[in-house]
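Read off the chains here:
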Amino acid sequence: MGLLFKDVQILSPLLQEQLEQIRQSLSFSALTVSRCLVYATPDGKGTAPHFDQNINFVLQVRGTKKWSLAENTHVTHPLTRHTMGQPTDPELSTYIDSPMPNMMPKD
Ligand SMILES: [Fe+2]
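No experiment lies behind these values; they were computed from the predicted model shown. (Residues numbered from 1 in each chain as written. Predicted model: local features only at pLDDT ≥ 70, side-chain atom pairs only at ≥ 80, totals over all residues. Heavy atoms only, no water.)

**As for the overall build of the protein**
Stated precisely, the cut-off is as follows: For the purposes of this entry, the term helix denotes a DSSP run of H or I that reaches at least four residues, the term strand denotes a run of E that reaches at least two, and both are numbered from the N terminus. The classification of residues rests on relative accessible area computed with a 1.4 Å probe and restricted to protein chains. Under 20% of the type maximum is buried, over 50% is exposed, and intermediate values are partly exposed. What makes two residues a contact is simply this: any of their non-hydrogen atoms within 4.5 Å. All accessibility values rest on the Shrake-Rupley procedure with a 1.4 Å probe; residue burial counts only the protein chains present in the view. Positive charge is attributed to Lys and Arg, negative charge to Asp and Glu, and no charge count is given to His or to the chain ends. Note on charges: their place is set at NZ of Lys, CZ of Arg, CG of Asp or CD of Glu.
The helix and strand inventory of the protein stands at 2 helices and 4 strands. Counted from the first residue to the last, the protein has its helices and strands arranged as β-α-β-β-β-α. C-alpha extents for the protein along the principal axes are approximately 45 × 35 × 25 Å. Counting across all 107 residues of the protein, residues that qualify as buried make up 14%. Taking contacts inside the protein between residues at least 6 apart in sequence as the whole, the part at least 24 apart equals 58%. For the protein, the accessible surface area stands at approximately 9,200 Å², while carbon and sulfur atoms represent 56% of it. The distance from the centre of the 9 positive side-chain charges to the centre of the 10 negative ones in the protein is 9 Å.

This is the structure in structure tokens:
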């Protein structure tokens, strides 16, 4: 079973400072939600292919992680996330360019 710890920056002034520095360096609004999520995932496990509506920076602290990437040609600027093989969010369905795929492209 994987573990997810949300909003870890609440416990760390250093992480709060770094989040603020990243936000400012990207010229994002002070209203931008910034947070730190910590995942502890068993060896050989992971998450299903998906896209997020937000910008993520991943810092690998320990172990290895295999990434499979593909261009999202199905929706521009999504306002919610989608996991491959799951039903499409009703709102997202109103502005997708083509049906969501059920598997990663071979390339
Ligand atoms: Fe994600």
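**Remarks on the domain arrangement of the protein**
Our working rule: Boundary definitions for the domains trace back to an automatic or database domain assignment.
Domain assignment breaks the protein into domain 1 (1-46) and domain 2 (64-107). If you average the C-alpha positions of domain 1 and of domain 2, the two centres end up 23 Å apart.

**Focus on the side chain of His82**
Mapped onto the fold, His82 is located in strand E4 (residues 82-83). The exposure class assigned to His82 is buried, which follows from its relative accessible area of 6%. When near neighbours in sequence (up to four residues on either side) are disregarded, His82 contacts Pro49, His50, Phe51, Pro87, Thr88, Leu92 and Met100.

**A look at the environment of Glu20**
Considering the arrangement of structural elements, one finds Glu20 in helix H1 (residues 13-25). By relative accessible area, which is 34% here, Glu20 ends up partly exposed. On a C-alpha basis, the gap between Glu20 and Leu59 in space is 16 Å, while along the polypeptide they are 39 residues apart.

**Some words on a nonpolar patch on the surface**
Stated formally: Any residue with relative accessible area above 30% and no salt bridge may belong to a patch, with like charges joined within 9 Å and the nonpolar Val, Leu, Ile, Met, Phe, Trp and Tyr side chains within 5 Å. Should a side-chain nitrogen of Lys or Arg be within 4 Å of a carboxyl oxygen of Asp or Glu, the pair is scored as a salt bridge.
Together, Ile22, Leu26, Phe28, Ile55 and Phe57 make up a nonpolar patch on the protein surface, roughly 470 Å² of accessible area in all. Tracing the chain through its elements places Phe57 in the loop between strand E3 (50-51) and E4. The exposure class assigned to Phe57 is exposed, which follows from its relative accessible area of 55%.

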